[in-house]
Amino acid sequence: MSSLFGNVLKAHQWIYENSHGAIGHKLLFGNPTLLLRTVGRKTGQERTNALTYAKDGKNYLVTASNGGSPRPPGWLANVKARPECVIQIGTSRIPVTATAIYPNNPDYARRFQLADKVNKGRYTQYQTMTSRPIAVVVLTPR
């Protein structure tokens, strides 16, 4: 990910967080964005990531693409270690349980396609850039 794009993403997340969700839900590229609030598996500190999401019934879907990097994003290991987390959509906070799914899951292809459509095909592009399977993380409201 270029440093300019990375800085734009950081600014977007800062605006979303500091407006308490009033601004940021659909700021960047028009993609619906949530804030995923996890607890660091090593530090025990709250971590927040702004992520594009798709809906699948009552569930929310995010992808652990990390821009096609060979390494998954740090938040993926955090939700695997502690699946109970909170998402924020606009000004609403929703307790969820996170479950990472991979291509061997029968719902993976359908859910990946839902997320990819919302992100205008970028996840398919990212998958071509890495040999690791990109996880789809299902966020189920508790």
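Our structure is the block above this text.
Residues numbered from 1 in each chain as written. Predicted model: local features only at pLDDT ≥ 70, side-chain atom pairs only at ≥ 80, totals over all residues. Heavy atoms only, no water.

Colleague: For this particular structure, what's the right way to read the overall build of the chain?
Modeller: A tally of helices and strands in the chain yields four helices and seven strands. Scored against the burial criterion, the 142 residues of the chain give a buried share of 44%. Counting only contacts in the chain whose residues sit at least 6 apart along the sequence, the fraction spanning at least 24 positions is 61%. When the accessible area of the chain is evaluated, it comes to approximately 7,700 Å², of which 55% is carbon and sulfur surface. (Helix = DSSP H or I, 4+ residues; strand = E, 2+ residues; numbered from the N terminus. Buried < 20%, exposed > 50% of the residue type's maximum accessible area, 1.4 Å probe, protein only. Contact = heavy atoms within 4.5 Å. Areas by Shrake-Rupley, 256 points an atom, 1.4 Å probe, with all protein chains shown as cover.)

Colleague: Where do I start with the pattern of salt bridges in this structure?
Modeller: Where charged atoms of side chains with opposite charge meet at close range, the side chains can pair. Tallied over the entire structure, the rule returns four salt bridges. Ionic pairing is found between Arg-37 and Glu-46, a salt bridge with its closest N-O pair at 3.4 Å. Glu-46 sits in the exposed class, given a relative accessible area of 53%. Measuring nitrogen to oxygen at the nearest pair gives 2.7 Å for the salt bridge that ties Asp-56 to Arg-111. Taken as a pair, Asp-56 in strand E3 (residues 54-56) and Arg-111 in helix H3 (residues 108-118) lie far apart in primary sequence, 55 residues in all. (Salt bridge = Lys/Arg side-chain N within 4 Å of Asp/Glu carboxyl O.)

Colleague: Explain H3 here, please?
Modeller: Residues three or four positions apart in an α-helix share a direction because the helix packs 3.6 residues into each turn. Residues Tyr-108, Arg-111, Phe-112, Ala-115 and Asp-116 constitute the buried set of H3. Seen from one end, H3 has its buried residues packed into an arc of 135°, which puts them on one side. In H3, the exposed positions angled more than 90 degrees off the buried face are occupied by Ala-109, Gln-113 and Lys-117. Here the buried face of H3 lies against E3, strand E4 (59-63), strand E6 (92-101), helix H4 (122-128) and strand E7 (136-141). Of the residues one or two after H3, Lys-120 is the one with positive phi, at around 55°. (Arc of directions from axis to C-beta.)

Colleague: How should I be thinking about the pairing of strand E1 (residues 33-39) in this particular structure?
Modeller: The side chains of a regular strand alternate between the sheet's two faces. Among the seven residues that make up E1, six are buried, leaving the element largely enclosed by the rest of the structure. Taken together, the seven bridges between E1 and strand E2 (residues 46-52) define a ladder with antiparallel strand orientation. When the sheet's bridge partners are listed, Leu-35 is paired in E2 with Ala-50. Once E1 ends, the chain turns through six residues before running back antiparallel as E2, passing Gly-44 with a positive phi of about 75°. (Pairing = 2+ DSSP bridges.)

Colleague: What exactly am I supposed to notice about the environment of Glu-84 here?
Modeller: Of note, Glu-84 is situated in strand E5 (residues 84-89). A C-alpha to C-alpha distance of 6.5 Å links Glu-84 and Ala-98, two positions 14 residues apart in sequence. If sequence neighbours within four positions are ignored, Glu-84 has contacts with Val-96, Thr-97 and Arg-142.

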